[in-house]
Amino acid sequence: AINALVKLKENNKAQEMIQSLSQFLRHTLEQESIENVPLEQELESLMLYLDIEKMRFEERLRTYFTIESSVENALVPSLLLQPLVENAIKYAVTPKEEGADISVTAQLVGQRVRIIVSDTGPGLQPGQQDQSLSTGVGMANTRERMSQAYGEDQRFEYYVKADGGFEVLLELSFVSHIYTIDLIS
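Rules of the game
- Residues numbered from 1 in each chain as written.
- Predicted model: local features only at pLDDT ≥ 70, side-chain atom pairs only at ≥ 80, totals over all residues.
- Heavy atoms only, no water.
- Helix = DSSP H or I, 4+ residues; strand = E, 2+ residues; numbered from the N terminus.
- Buried < 20%, exposed > 50% of the residue type's maximum accessible area, 1.4 Å probe, protein only.
- Contact = heavy atoms within 4.5 Å.
- Areas by Shrake-Rupley, 256 points an atom, 1.4 Å probe, with all protein chains shown as cover.
- Core = buried A, V, L, I, M, F, W, Y, C linked by side-chain atoms within 4.5 Å.
- Phe/Tyr/Trp six-rings, centres within 6.5 Å; stacked < 30°, edge-to-face > 60°.
- Salt bridge = Lys/Arg side-chain N within 4 Å of Asp/Glu carboxyl O.
- Pairing = 2+ DSSP bridges.
- Axes fitted to C-alpha atoms, helices over the stretch in contact; angles between N-to-C directions.

**Q** Could you give an account of the overall build of the protein chain, naming the residues involved and the relevant values?
**A** Within the protein chain, the regular secondary structure consists of 6 helices and 7 strands. Secondary structure elements of the protein chain, listed N to C terminal, follow the sequence α-α-β-α-β-β-α-β-β-α-α-β-β. Here the protein chain, with 185 residues, has 38% of them falling under the buried criterion. For the protein chain, contacts bridging at least 24 residues in sequence account for 69% of all contacts bridging at least 6. When the accessible surface of the protein chain is totalled, it reaches about 10,900 Å², and 50% of it is carbon and sulfur.

Dropping the structure here:
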């Protein structure tokens with residue numbers, strides 16, 4: 001996308017995209033060594049990524065966030081949501097001339113955090129098998145990270161929505177702080 005902007009001599013836009021990409025990469029490198037982050041911080045990372053994609057897709061990419069304040073401090077694996085949103089862009093926004101909506105919701109359900117990433121894209125096409133999606137890198141990596149972080153105490157599901165589009169549901173135990181105390185005798 002940056003290369004295309006340079007070829008089109010849209011230097012201001014290219015420079016803006018480079019700065020956004022730089023911010024995202026810097027943030028990603030800082031987060032790489034952190035295993036779990038508050039959901040609020042995870043969403044900040046996601047917004048940096050979306051800033052870049054919005055420059056690329058402009059009005060074709062429409063994002064909506066509904067995050068309950070009660071889950072903003074919930075700990076989640078760092079960079080958990082970015083591959084799911086990247087998939088939504090690839091399979092929902094890119095193929096549709098009019099683009100698509102991507103929604104991220106997070107809420108407390110009992111003692112669990114439920115996060116849903118959904119889109120208004122085409123969903124599964126006729127003849128496309130549901131299993132073909134489970135071998136995608138983004139979905140497979142997210143499933144594996146959820147399994148490693150929470151074992152059986154998690155939920156990872158995806159499906160085509162009744163009204164079209166695709167949805168990924170993540171559910172994990174609500175943990176807001178991990179305290180360690182070093183006692184010196």
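**Q** Which residues make up the nonpolar core, and what values do they have?
**A** Judged by nonpolar contacts, the single largest core of 42 residues is most densely connected at Leu-81, Val-85, Ile-89, Ile-115 and Leu-170. At the level of secondary structure, the elements contributing two or more residues to this core comprise α2 (11-32), α3 (39-57), α4 (82-93), β4 (100-109), β5 (112-119), α6 (137-150), β6 (154-160) and β7 (166-173). A total of 9 residues in this core trace back to one element, the largest contributor, which is α3. Each residue touching Ile-89, except ones within four places of it in the same chain, is listed here: Tyr-49, Leu-50, Glu-53, Phe-57, Leu-61, Thr-94 and Ile-102.

**Q** Break down the packing of aromatic side chains for me, citing the residues and quoting the values.
**A** Scanning all chains against the criterion turns up 2 aromatic pairs. Linked through ring pairs, Phe-156, Tyr-158 and Phe-166 together constitute an aromatic cluster.

**Q** Lay out unusual backbone geometry in plain terms, naming residues and giving numbers.
**A** Negative phi values dominate among residues other than glycine, just as trans dominates among peptide bonds. For Lys-9, which is not glycine, the phi torsion reads 60° and is therefore positive. Positionally, Lys-9 belongs in the loop between α1 (2-7) and α2. Overall, the relative accessible area of 69% leaves Lys-9 in the exposed class. Not every positive phi belongs to a glycine, and Leu-79 is a case in point at roughly 60°. Topologically, Leu-79 is positioned in the loop between β3 (75-77) and α4.

**Q** Break down the pattern of salt bridges for me, citing the residues and quoting the values.
**A** Tallying each qualifying case throughout the model produces 9 salt bridges. Between Glu-98 and Lys-96 there is a salt bridge, and its shortest N-O distance comes to 3.6 Å. The salt bridge partner of Arg-155 is Glu-171, with a shortest N-O separation of 3.5 Å. With a gap of 16 residues between them, Arg-155 in strand β6 and Glu-171 in strand β7 connect regions that are remote in the sequence. Put simply, Arg-112, Arg-114, Asp-153, Arg-155, Glu-157 and Glu-171 are held in one network by salt bridges that share partners.

**Q** Give me the lowdown on the sheet that holds β7, citing residues and values where you can.
**A** Spatial strand order, β2-β4-β5-β7-β6: 5 strands in an open sheet with mixed pairing. Sheet topology places β2 (61-67) and β6 at the edges, where each strand pairs with a single neighbour. Across the sheet, the axes of successive neighbouring strands diverge by a mean angle of 10°, strand direction being ignored. Where β2 and β4 come together, 7 bridges link them in parallel fashion. Residue pairing in the sheet places Tyr-64 in a bridge with Ser-103 of β4. The sheet strands contacting α3 are β2, β4 and β5, and the helix crosses β2 at an angle near 165°. Along the sheet face, α4 touches β2, β4, β5 and β7 and points at about 145° away from the line of β4.

Just geometry here; none of it tells us what the structure is for.
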